[in-house]
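# Structural description and commentary
Letter by letter, the chains look like this.
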Amino acid sequence: MQTIRGFRDILPEQISLWQRVEKEAFALFDSFGFKEIRIPVLEKTDLFARSIGETTDIVEKEMYTFPDSKGAHLTLRPEATASICRSYIQHKMYAEDPVRKFYMTGPMFRRERPQKGRYRQFYQIDAEVFGIESAYIDAQLIFLLNELFKRLGLTGLSAHVNSLGCPECRPSFQKALLDFLGERKDALCENCARRIKKNPLRILDCKVESCQRALSGAPATIDHLCPACDDHFSIVRSALKKQGVDFMVDKSLVRGLDYYTRTAWEIKTTTLGAQSAVAGGGRYDGLVKELGGPATPAIGFAIGFDRLVEVLEQLELESKRSSLDLFIVALGDAALAKGYLWSCELNQNGIRTEVDFRGKSLKSLMKRANKLNATHVLIVGENELNKNQLILRNMDTKEQSFISLDNLVSELMTSLKK
Ligand code: AMP
């Protein structure tokens, strides 16, 4: 049996980077006042269709949608924002305090063409903020992402930032876009020719080469902003500048989901080839209302967890950190009985310890200690027990010292505490 295409196992030997990213991200979210939320992987299809947009690639082509045994239309979540909005509304979180900050991590599902950096089950780390209209929160989220990547030691990233405007300025932009597309209709792909009536903005996001060519010189949202959106975007830019966050204004950035308004951004890397976006986000001031809640400004981002780990792997930032403080080489039954008790007690006290219970030879146990990358080995056999002199070997320096049975655990804790 094999995994299905685009789905994969993340194996124990790969997991340390995932855990390090999670730890850094959660600590940072915590200090900025975010709380963790956990949402279902399965939702009603309608939730995604209405929020992400009927004419987006995700909804048109990529969702895992199926009827359950009673015929309800269900979808494996392709992203988290819609579900978090649903939760904010369903639990009337706005009633007690409209300002809420959430983060989460978990799998998302999109039936895209699998390749490196693109999977059908992939993971995201999401952060969402509800109830704050101020442009400072936009800047703060981009700053936060930048800070996280810095802490993780990532280099070679660039933040592309744009403003998509609001319902106030959309009509003027849409008109300019339609005028522009009018002369180029024939050059558009079939899909875009269809979208032109329903949702012309989506055409800007089309990956088909002929469409990309036809779009060269197309009008940009940023040139059609209403005064309020214009002010908002300049506050974002000047805050980022003051903080020394490296970014560029990218007029062509539109994002693949319909709900975005005003600030939108992507963090791109040069190290992953075609799949260059490691994170993306933006404002979605209309979505809570659209889904049946009160008008609530909101903004969020998603980090592509798989891609982030791949970039870190390429940078080989994860040193071969040992995951074992002590390997007990116990030779003979009496030594095993003692080794068993010591290992439990040491682990209880935070010293990562292992004993091999299979009764192997000294040589093969030393080999195993090496394989497990243990920093220290405690050697105990009948002889050592009789002499009350156990051998503690530092595997890095190869130095050996003797250690007596009296207060062994506390002695070891003192010498091995990092
Ligand atoms: P999006 O929700 O499309 O803005 O995606 C946010 C981030 O998730 C992207 O910047 C990617 O890093 C990541 N991502 C999106 N789709 C995939 C996928 N199929 N496989 C792996 N990562 C993905």
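Just so it is clear, the structure is predicted and the values come from calculations on it, not from any experiment.

### Comments concerning the site of the ligand
With respect to spatial proximity, 14 residues lie near the ligand, and among them Arg110, Glu112, Tyr119, Arg255 and Ala277 are the closest. Measuring from an oxygen atom of the ligand, one finds a side-chain N or O atom of Arg110 at 2.8 Å. In the complex, 92% of the free accessible area of the ligand, which totals 480 Å², lies under the protein chains. Elements supplying a minimum of two residues to the shell around the ligand: β6 (121-130), β10 (277-283) and β11 (298-304). Broken down by element, the residue count for the shell around the ligand peaks at three residues, all from β10. Classifying every residue of the shell around the ligand gives six nonpolar, three polar and five charged.

### Observations regarding the sheet that holds β6
Spatial strand order, β1-β5-β6-β11-β10-β9-β7-β8: eight strands in an open sheet with mixed pairing. The open sheet is flanked by β1 (35-36) and β8 (247-249), the only strands paired with a single partner. Pairing of strand β9 (residues 261-269) with β10, which is carried by six bridges, proceeds in the antiparallel orientation. Looking at the pairing, Ala264 lines up with Gly282 of β10. Its contacts with the sheet put helix α1 (residues 15-31) on β5 (100-109), β6 and β11, and the angle it makes with β6 is roughly 5°.

### Here's the deal with the pattern of salt bridges
Summed over the entire model, instances satisfying the criterion amount to 27 salt bridges. Linking Lys61 and Asp57 is a salt bridge whose minimum nitrogen-to-oxygen distance equals 3.6 Å. Of this pair, Lys61 and Asp57 both sit in helix α3 (residues 57-62), four residues apart, roughly one helical turn. Looking at Asp57, the relative accessible area reads 23%, which means it is partly exposed. Across the salt bridge formed by Glu183 and Arg184, the nearest N and O atoms sit 3.6 Å from each other. Several salt bridges converge on common partners, so that one network encompasses Asp57, Glu60, Lys61, Arg194 and Arg195.

### What to know about the domain arrangement of the protein chain
If you check the domain split of the protein chain, you get domain 1 (12-169 + 225-315) and domain 2 (322-416). If you average the C-alpha positions of domain 1 and of domain 2, the two centres end up 48 Å apart.

### Notes on the environment of Met413
Locating Met413 in the fold gives a position in helix α16 (residues 408-416). Sequence separation between Met413 and Leu346 is 67 residues; the distance between their C-alpha atoms is 7.4 Å. If near-sequence neighbours (up to four positions away) are discounted, Met413 is found in contact with Leu346, Asn349 and Ile351.

### Notes on the sheet that holds strand β12 (residues 324-330)
The sheet built from five strands is open, its strands ordered β13-β12-β14-β15-β16 with mixed pairing. Looking along the sheet, the strands with just one partner apiece sit at the ends: β13 (353-355) and β16 (400-403). Adjacent strand axes in the sheet meet at a mean angle of 25°, parallel and antiparallel pairs treated alike. Pairing geometry for strand β15 (residues 390-394) and β16, over four bridges, is antiparallel. Along β16, the bridge assignment pairs Ile391 with Phe402.

### Thoughts on the packing of α1 against helix α12 (residues 305-315)
Packing of α1 against α12 leaves a shortest axis separation of 10 Å and a crossing angle of 110°. For the element pair α1 / α12, the angle class is roughly perpendicular. In the crossing of α1 with α12, the sense of the turn from one axis to the other is right-handed. Contact with α1, carried on its side by Leu17, Trp18, Arg20, Val21 and Glu22, involves Phe305, Asp306, Leu308, Val309, Leu312 and Glu313 of α12 and no other residues of that element. Partitioning the contact of α1 with α12 into residue classes produces seven nonpolar, no polar and four charged.

### Observations concerning α1
Here α1 contains 17 residues, and its C-alpha end-to-end distance of 25 Å stays within 8% of the 24 Å for a straight helix at 1.5 Å per residue. Residues of α1 that are buried include every one of Leu17, Trp18, Val21, Ala25, Phe26, Leu28 and Phe29, and no others. Viewed along the axis of α1, the buried residues span an arc of 160°, placing them on a single side of the element. Exposed and oriented more than 90 degrees from the buried face of α1 are Lys23, Asp30 and Ser31. For α1, the secondary structure elements touched by its buried residues are β5, β6, α6 (135-151), β11 and α12. Of the residues trailing α1, Gly33 is marked for its positive phi of about 85°.

Rules used in this analysis
Residues numbered from 1 in each chain as written. Predicted model: local features only at pLDDT ≥ 70, side-chain atom pairs only at ≥ 80, totals over all residues. Heavy atoms only, no water. Near = heavy atom within 4 Å. Polar contact = N/O pair within 3.5 Å; in protein donor to acceptor, adjacent residues only side chain to side chain. Areas by Shrake-Rupley, 256 points an atom, 1.4 Å probe, with all protein chains shown as cover. Helix = DSSP H or I, 4+ residues; strand = E, 2+ residues; numbered from the N terminus. Nonpolar A, V, L, I, M, F, W, Y, C, P; charged D, E, K, R; others polar. Pairing = 2+ DSSP bridges. Contact = heavy atoms within 4.5 Å. Axes fitted to C-alpha atoms, helices over the stretch in contact; angles between N-to-C directions. Salt bridge = Lys/Arg side-chain N within 4 Å of Asp/Glu carboxyl O. Buried < 20%, exposed > 50% of the residue type's maximum accessible area, 1.4 Å probe, protein only. Domains from an automatic or database assignment. Parallel < 35°, antiparallel > 145°, perpendicular 65-115°, else oblique. Left-handed = near helix turned anticlockwise from the far one by under 90°. Expected span 1.5 Å × (residues − 1). Arc of directions from axis to C-beta.

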